[in-house]
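Given next are the chains, with one letter for each unit.
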Amino acid sequence: QVQLVESGGGLVQPGGSLRLSCAASGTYFSINVMGWYRQAPGKQRDLVALITRGGMTNYSDSVKGRFTISRNNAKNTVYLQMSNLRPEDTAVYYCKSTIAAPPSIAYDDYWGQGTQVTVSS
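What you see is a predicted model; the values in this text were computed from it and never measured.

On to the overall build of the protein. Each helix and strand counted, the protein has zero helices and 11 strands in total. For the protein, the succession of helices and strands along the chain, N to C, is β-β-β-β-β-β-β-β-β-β-β. At 14 Å, the protein has a C-alpha radius of gyration in line with the 14 Å of a compact globule built from 121 residues. Each of the three principal axes of the protein carries a C-alpha extent, and together these read 50 × 25 × 25 Å. In the protein, which comprises 121 residues, the proportion classed as buried is 40%. Taking as baseline every contact in the protein between residues at least 6 positions apart, the subset at least 24 positions apart corresponds to 56%. Accessible area for the protein stands at about 6,400 Å²; split by element, carbon and sulfur atoms hold 48% of it.

The full count for this structure, using the stated rule, is one disulfide. Paired by a disulfide, Cys-22 and Cys-95 hold their sulfur atoms 2.1 Å apart. The S-S bond linking Cys-22 to Cys-95 shows a torsion near -75°; that makes this disulfide left-handed. Linking Cys-22 in strand β3 (residues 18-25) with Cys-95 in strand β9 (residues 91-100), this pair joins segments that are 73 residues apart in sequence. When its relative accessible area of 0% is taken as the criterion, Cys-95 is described as buried.

The four strands lie next to each other as β1-β3-β8-β7, forming an open sheet whose pairing is antiparallel. The open sheet has two free edges, formed respectively by β1 (3-7) and β7 (67-72), since each of these has just one partner strand. Here the strands of the sheet are splayed against their neighbours by 15° on average, with no regard to which way each runs. Both β1 and β3 contribute to a ladder of five bridges, which runs antiparallel.

The omega angle of the peptide bond from Pro-102 to Pro-103 is 10°, so this bond is cis rather than trans. Locating Pro-103 in the fold gives a position in the loop between β9 and β10 (107-111). Its identity as a non-glycine residue notwithstanding, Asn-76 has a phi of 55°, on the positive side. With respect to the element layout, Asn-76 can be found in the loop between β7 and β8 (77-82). Exposure remark for Asn-76: the relative accessible area of 21% places this residue in the partly exposed category.

Calculation criteria
Residues numbered from 1 in each chain as written. Predicted model: local features only at pLDDT ≥ 70, side-chain atom pairs only at ≥ 80, totals over all residues. Heavy atoms only, no water. Helix = DSSP H or I, 4+ residues; strand = E, 2+ residues; numbered from the N terminus. Rg over C-alpha atoms; globule rule 2.2 N^0.38 Å. Buried < 20%, exposed > 50% of the residue type's maximum accessible area, 1.4 Å probe, protein only. Contact = heavy atoms within 4.5 Å. Areas by Shrake-Rupley, 256 points an atom, 1.4 Å probe, with all protein chains shown as cover. Disulfide = S-S within 2.5 Å. Pairing = 2+ DSSP bridges. Axes fitted to C-alpha atoms, helices over the stretch in contact; angles between N-to-C directions.

Put into C-alpha cells, the structure is as follows:
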C-alpha cells in the first residue's frame, strides 16, 4: 500500500519561509509526477506546483518567483520551498503523486493527508 507523508507546515509571519516535504513509502513500481496543492477554508483545492521525474516544473501564477518545487528521486521525496509568504498563502497543503503500484501497472493519483500552513503576524 502506498502512503504519502507530508511534514514541515506551521505558523510563520508574513515575509517568512517554510519548507514542506512529502515522502512516498510502501510498495510501488514507479513514481511519475509529484506536486503540491492547497485548499483554503471555503475554497476549492488548487494546484501550487508540479515536477516531473525528469525535473520539469510548473507553477501557479500566484506563487511564481516565491516558491520552488524540487524532488529527490532516490529518496522518493518532493519538497516545496516557500519564501516571502503572504497571508493569502494560508491553507492546508496536500502532496499528490502519480504512482504505479501493484496489482496494477497503471499510474494512479495518491494524496497525502495534508499539512497546515498559516501565515499571520
